[in-house]
Amino acid sequence: MTQTISRRDFLKLGAAAGAALATGSLLPAPVAEAARQAGFLDSKGNGYIPSMCEMCVWRCGLIAKVKDGRVVKLDGNPEHPHSRGNLCPRGQSGLMNTYDPDRVLTPLIRVGKRGEGKFRKASWDEALDLVASKMLEIKDKYGPEAMVFSTTHCLTQPQFENLLYAYGSPNYGTQRSLCFNAMITAFQLTYGVEEPARRYDNVEFILMVGRNLMEAISTSETGELARALDRGAKLVYLDPRYTKTAAKASEWIPIRPGTDAAFLLAMINVIVTNQLADCDFVKQYVVGCDNIQDEMKKYTPQWAEQITGVPAETIERIAREYAGAKKCAMVHPGWRTSNFVNSFQTERAIATLNALSGTVLRPGGCLSAELMAEGAGLGVPPQPPYPRISALRLDGVPWKYPLVPLKLGVFQELRDNILRGEPYQAHGWFISRQNPILALPDRNKTLQAFGKMDFIVTIDILMNDTAWFSDVVLPEASYLERYDPLLPVDGRAFIRQPVIEPQGEAKSTLWIYKQLGERLGIGEYFQYEDEEDFLRQQLKPLGVSLEEVKAKGYAKLPEEEKNDEITFKTPSGKIEVYSETLKNAGFSPWPTWEEPPMPGEGEFYLLTGKVAQHTQFGTQNNQLLHKYADEPRLWMNAKIAAQKGLKDGDWVKVTSKVGSVHIRLKATEAIRPDCVYMTPGYGHISKGLTTAYGYGASDSVLHETYTDPISGSQALSQTFVTVEKA
């Protein structure tokens with residue numbers, strides 16, 4: 001079999017992909033025989049097995065090439081709509097995560113001081129017994145609310161939540177407030193959906209606000225955008241930095257940071273003042289447009305020019321071009337919208353512009369209802385209802401942040417209230433697939449919060465920064481070594497299945513959560529015998545066997561009933577440009593302008609963002625990605641650097657109100673003079689990461705903590721820094 005594989009050949013592969021391969025040696029005889037009979041492997045143990053990537057949350061389909069019992073190549077699965085036969089650099093390098101020499105392959109228990117890095121190996125029984133006993137001790141002594149749980153979005157999140165809520169804690173920390181709280185909260189309040197899906201088939205005009213899609217993790221959408229541009233669609237891109245998306249745009253506008261909302265409000269002004277909206281759509285489906293002209297009249301292009309630095313005639317021209325494309329126009333909702341405390345208002349303006357063009361939820365439009373929910377059409381293991389939880393959440397939801405959805409939360413506020421001991425003191429932290437020490441703003445604060453914990457446990461495949469400061473580290477099997485729950489995408493449920501056996505003693509989180517649940521006395525929330533039994537319960541309503549799904553890589557889901565009627569899950573059943581919910585909560589019911597702070601004399605906006613070679617904070621130890629990634633540097637406008645006596649490659653000291661770092665300088669014309677930029681995810685402090693330790697600088701050392709009172713979003717770009725030669 002050749003290295004490449006056609007769609008037809010792939011469909012001929014067999015039904016034993018769940019059979020695992022032993023790392024570094026040939027497959028065990030029974031497994032190898034089954035794989036050969038299924039057509040996956042030849043007599044030498046070489047072949048191809050389908051599964052799903054997890055180098056980011058986009059979860060593309062993959063085909064693992066196996067040779068002599070080892071994964072030697074990963075390619076895109078042509079059957080999966082997210083990969084379509086392709087994998088990005090991160091996905092192709094995923095085998096290096098599995099074979100990372102720094103892998104944690106046995107449970108570890110701390111024996112030195114916290115953060116000293118001294119651990120001893122332990123059996124699973126000893127480690128799990130210790131974790132359960134400490135969690136029960138905290139529960140008995142302080143109440144279940146004294147235990148904090150946090151994870152990153154993943155396929156086993158429902159089982160993580162079972163552990164959290166069955167234990168009885170309300171304290172749930174996710175990464176969302178550091179990413180897209182502003183977008184989700186704004187679109188829920190305006191459209192009644194978390195995140196509308198984008199369609200590029202008919203798009204003619206695209207406006208993107210800081211969404212660097214050409215380097216983003218949503219790879220299939222990036223391809224759709226590229227094809228739209230190839231056939232002539234216009235892309236106008238607002239960003240203070242000349243990114244790869246700016247390079248592909250028809251027009252790049254280096255707008256002043258924090259002023260996107262002013263630009264968008266002025267566009268709304270032009271459209272409603274000149275009656276350029278899709279009037280029929282607006283009259284039928286939008287609440288608030290009777291008075292929108294009066295409300296928006298103050299937001300003229302001339303007003304916006306003074307705030308954004310963008311000429312008024314440019315704003316007016318773009319508004320008219322956008323309106324002229326009607327339902328074939330789209331303002332991209334964005335993704336990482338945690339930039340300023342006014343980012344929620346930016347997202348409200350984006351939602352309003354899309355409503356005015358009539359592009360939402362209609363045939364030929366560019367925004368549709370959110371994608372099929374995870375778990376749709378699948379079975380679930382039985383479980384009792386959760387116990388009643390009466391304690392306040394440490395993150396202030398909803399008692400301080402009434403409009404933030406419970407499942408989003410406000411992670412940075414949770415951390416701050418751990419430090420303050422308000423409204424009570426937390427004593428334990430259970431962390432799975434997450435690195436709060438590197439992810440949360442103001443790393444020093446997070447380390448102080450860890451110091452207040454009686455007990456910390458981390459589940460991960462590597463000794464990340466958070467694991468380094470934990471009391472127990474539980475080794476998870478990598479995504480190439482385990483099963484996860486099925487993932488519905490576009491009418492099919494795709495499988496992640498092991499293509500090699502777990503190395504060392506690593507285990508899946510389905511197994512870990514079940515084992516802990518039984519020890520904590522909440523085993524009834526984990527009613528499955530093992531991973532395969534869990535999957536069979538998921539497949540039961542479909543009448544499909546697990547063996548069939550292993551063979552194809554997916555199961556077909558029942559077709560959803562199509563309803564041509566356009567409905568919105570808002571109180572009015574329409575798009576709420578004017579929101580009574582916001583008004584009743586004491587906020588402006590309209591999209592409105594909120595002036596963000598500006599840097600002082602000698603200060604710069606600190607920008608952060610994506611690069612194509614890494615995924616947030618989790619891939620910097622990957623030796624393949626490290627080999628091909630650019631050295632992390634601080635971008636500074638070349639003219640400003642020269643004025644400060646700095647040249648390209650100099651070491652500089654970057655200082656904010658909460659910390660300082662040293663980093664090399666990249667002097668470039670590709671950024672505004674009032675900004676500097678750092679790639680996040682570097683500056684790891686765990687000595688258990690031999691590739692990533694001490695490499696680059698951490699933006700979390702510099703970031704101050706600012707929280708939007710409406711969405712709970714962290715304002716990452718609202719940190720201002722000084723730069724001097726080191």
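How each quantity is defined
- Counting from 1, residues in each chain are numbered in the order their sequence is written.
- At least 70 in pLDDT is required for a residue's local features to be given in this predicted model, at least 80 for side-chain atom pairs to be given and counted, and no such filter applies to totals for whole chains, interfaces and linings, which use all residues.
- Water and hydrogen atoms were dropped before computing side-chain values, which therefore reflect all heavy atoms in the structure.
- Note on conventions: DSSP H or I runs of at least 4 residues are helices, E runs of at least 2 residues are strands, and numbering of each starts at the N terminus.
- With C-alpha atoms as the basis for the radius of gyration, the globule rule is written as 2.2 Å multiplied by the number of residues raised to the power 0.38.
- Burial status follows relative accessibility: with a 1.4 Å probe on protein chains alone, a residue under 20% of its type maximum counts as buried, one over 50% as exposed, and anything between as partly exposed.
- Any two residues whose heavy atoms approach within 4.5 Å at even a single point are treated as in contact.
- Values of accessible area rely on a 1.4 Å probe in the Shrake-Rupley scheme; residue burial ignores everything except the protein chains shown.
- Here an axis means a line fitted to C-alpha atoms, over the contact stretch when the element is a helix, while the angle between two N-to-C directions is reported on a 0 to 180 degree scale.
- With respect to orientation, any angle under 35 degrees is reported as roughly parallel, any angle over 145 as roughly antiparallel, any angle of 65 to 115 as roughly perpendicular, and every other angle as oblique.
- Residues are grouped as follows: Ala, Val, Leu, Ile, Met, Phe, Trp, Tyr, Cys and Pro are nonpolar; Asp, Glu, Lys and Arg are charged; all remaining types, including Gly, are polar.
- A pair of strands counts as paired when DSSP detects no fewer than two bridges linking them.
- Aromatic pairing here means that ring centres of Phe, Tyr or Trp (its six-membered ring) are within 6.5 Å. Orientation follows from the plane angle: under 30 degrees is stacked, over 60 is edge-to-face, and everything else is tilted.
- Put simply, a charge is over a ring when the Lys NZ or the Arg CZ is close to the ring centre, within 6 Å, and near the line of the ring normal, within 35 degrees.
- As used in this record, nonpolar core signifies buried Ala, Val, Leu, Ile, Met, Phe, Trp, Tyr and Cys residues forming a set joined through side-chain atoms within 4.5 Å.
- Known as pLDDT, the predictor's confidence for each residue is given on a scale from 0 to 100.
- Each crossing gets its handedness from the near helix: less than a right angle anticlockwise from the far helix is left-handed, clockwise is right-handed.
- In this description, the term disulfide denotes a pair of cysteine sulfurs within 2.5 Å.

### Observations concerning the overall build of the chain
In step 1: What the chain contains, in helices and strands, is 25 helices and 27 strands.
In step 2: Taken over the C-alpha trace, the chain has a radius of gyration of 26 Å; the compact-globule value for 726 residues is 27 Å, and the two agree within 12%.
In step 3: If one aligns the C-alpha atoms of the chain with their principal axes, the spans along those axes are about 75 × 55 × 55 Å.
In step 4: Counting over 726 residues, the chain shows a buried share of 62%.
In step 5: Taking contacts inside the chain between residues at least 6 apart in sequence as the whole, the part at least 24 apart equals 72%.
In step 6: On the chain, roughly 27100 Å² of surface is accessible, and the fraction owed to carbon and sulfur atoms is 50%.

### Here we look at the packing of helix α10 (residues 260-273) against helix α13 (residues 301-308)
The relative placement of two packed helices comes down to the angle between their axes together with the axis-to-axis distance.
In step 1: Where α10 meets α13, the axes come as close as 9 Å, and the angle between the chain directions of the two elements is 170°. Here α13 runs roughly antiparallel to α10, going by the angle between their axes. Of the residues in α13, those in contact with Ala262, Phe263, Ala266, Asn269 and Val270 of α10 are Pro301, Trp303, Ala304, Ile307 and Thr308.
In step 2: For the contact of α10 with α13, a count of residues per class yields 8 nonpolar, 2 polar and no charged.

### With respect to the sheet that holds strand β13 (residues 329-331)
In step 1: Taken in spatial order, the 4 strands line up as β11-β10-β9-β13 in an open sheet, and their pairing is parallel. Looking at the sheet topology across the chains shown, the edges are occupied by β11 (251-253) and β13. If you compare each strand with its neighbour and ignore which way they point, the axes differ by 10° on average.
In step 2: Sheet topology places strand β9 (residues 205-209) next to strand β10 (residues 234-238); 5 bridges connect them, and they run parallel. By the bridge assignment, Val209 is partnered in β10 with Leu238.
In step 3: The sheet strands contacting α10 are β9, β10 and β11, and the helix crosses β9 at an angle near 150°.

### Looking at the side chain of Ser218
In step 1: Considering the arrangement of structural elements, one finds Ser218 in the loop between β9 and α8 (219-230).
In step 2: Owing to a relative accessible area of 0%, Ser218 belongs among the buried residues under this scheme.
In step 3: Non-local contacts of Ser218, meaning those with residues more than four positions away in its chain, are made with Trp58, Arg211, Leu213 and Trp335.

### What to know about unusual backbone geometry
In step 1: Across the junction of Val397 and Pro398, the peptide omega takes the value -5°, indicating a cis bond.
In step 2: Look at the link from Glu422 to Pro423: it is a cis peptide, with omega at -5°.
In step 3: Mapping Pro423 onto the fold places it in the loop between α16 (411-420) and β15 (428-432).
In step 4: Here the phi dihedral of Arg59 falls at roughly 55°; this positive angle occurs in a residue that is not glycine.
In step 5: Within the secondary structure, Arg59 is located in the loop between β1 (47-52) and β2 (61-67).
In step 6: Classification of Arg59 as buried rests on a relative accessible area of 4%.
In step 7: A positive phi angle is found at Gln275, which is not glycine, with a value near 55°.
In step 8: Summarising the element assignment, Gln275 is placed in the loop between α10 and α11 (279-285).
In step 9: Since its relative accessible area comes to 61%, Gln275 is described here as exposed.

### What to know about the sheet that holds strand β16 (residues 455-460)
In step 1: Taken in spatial order, the 7 strands of this open sheet run β5-β4-β17-β16-β15-β6-β7, and their pairing is mixed. Bordering the open sheet on either side are β5 (119-121) and β7 (172-173), each of which pairs with just one other strand.
In step 2: Pairing of strand β6 (residues 147-151) with β15 involves 5 bridges; the strand directions are parallel. Considered in β15, the bridge of Thr151 is made with Ser432.

### Points about the packing of aromatic side chains
How two aromatic rings sit relative to each other is set out by the distance from centre to centre and by the angle between their planes.
In step 1: Inspection of the entire model under this criterion finds 29 aromatic pairs.
In step 2: Between Phe160 and Tyr513, the ring centres sit 6.0 Å apart and the planes meet at 65°, which makes this aromatic pair edge-to-face. A residue pair is termed long-range when its members are at least 10 positions apart, and Phe160 in helix α6 (residues 157-167) and Tyr513 in helix α20 (residues 509-519) qualify at 353 residues.
In step 3: Given the relative accessible area of 0%, Phe160 is considered buried.
In step 4: With 5.5 Å between their ring centres and 80° between their planes, Tyr605 and Phe720 make a pair best called edge-to-face. Of this pair, Tyr605 sits in strand β22 (residues 604-608) while Phe720 sits in strand β27 (residues 720-725); the two residues are 115 residues apart in sequence, bridging distant segments of the chain. Each member of the pair Tyr605 and Phe720 is classed as buried.
In step 5: In this structure an aromatic cluster arises from ring pairing among Phe149, Phe160, Tyr165, Tyr167, Tyr172, Tyr386, Phe430, Tyr513 and Tyr525.
In step 6: When the ring centre of Tyr167 is taken as origin, the NZ or CZ atom of Lys139, which lies over that ring, is 5.0 Å away.

### Concerning the nonpolar core
In step 1: Ranked by size, the top nonpolar core spans 104 residues in total, and within it Tyr191, Phe263 and Met267 carry the most contacts.
In step 2: Per-element accounting of this core gives the leading share, 11 residues, to α10.
In step 3: Not counting residues up to four positions away in its chain, the partners in contact with Tyr191 are Ala351, Asn354, Ala355, Val360, Leu367, Phe568, Lys569, Thr570 and Ile575.
In step 4: Counting residues in hydrophobic clusters, the runner-up holds 35 residues, among them Trp124, Val472, Leu516 and Ile522.

### Some words on the confidence of the model for the chain
In step 1: Residues at a pLDDT of 70 or more form 93% of the chain, whose mean pLDDT is 91.
In step 2: Low pLDDT, under 50, characterises residues 1-35; the stretch is placed with 88 contacts to residues that sit more than four places away or in other chains.

### With respect to the packing of α6 against α20
In step 1: It is at 10 Å that the axes of α6 and α20 come closest, and there the two elements cross at 15°. Overall, the two elements α6 and α20 adopt an arrangement that is roughly parallel. By crossing handedness, the relation of α6 to α20 is classed as left-handed. Every residue of α20 that contacts α6 at Gln159, Phe160 and Leu163 is listed here: Leu510, Tyr513, Leu516 and Gly517.
In step 2: When grouped by side-chain class, the residues that make up the contact of α6 with α20 number 5 nonpolar, 2 polar and no charged.

### A few points about the state of the cysteines
In step 1: Applying the stated criterion across every chain, the model contains 0 disulfides.
In step 2: The thiol sulfur of Cys366 is not disulfide-bonded, and the nearest other cysteine sulfur, from Cys328, lies at 5.7 Å.

### Considering the pairing of strand β17 (residues 472-475)
Consecutive side chains along a regular strand alternate between the two faces of the sheet.
In step 1: Alternating positions in β17 separate into two faces, Val472 and Leu474 on one and Val473 and Pro475 on the other, with burial throughout.
In step 2: Relative to β17, strand β4 (residues 108-110) is paired through 2 bridges, and the arrangement is antiparallel. Paired with Leu108 across the strands is Val473, a residue of β17.
In step 3: Bridging between β16 and β17 involves 4 bridges; their strand directions are parallel. By the bridge assignment for β17, Asp460 is matched with Pro475.

### Topic: the environment of Pro423
In step 1: Accessibility expressed as a relative area gives 39% for Pro423, which makes it partly exposed.
In step 2: Separated by 31 residues in the primary sequence, Pro423 and Leu392 place their C-alpha atoms 7.5 Å from one another.

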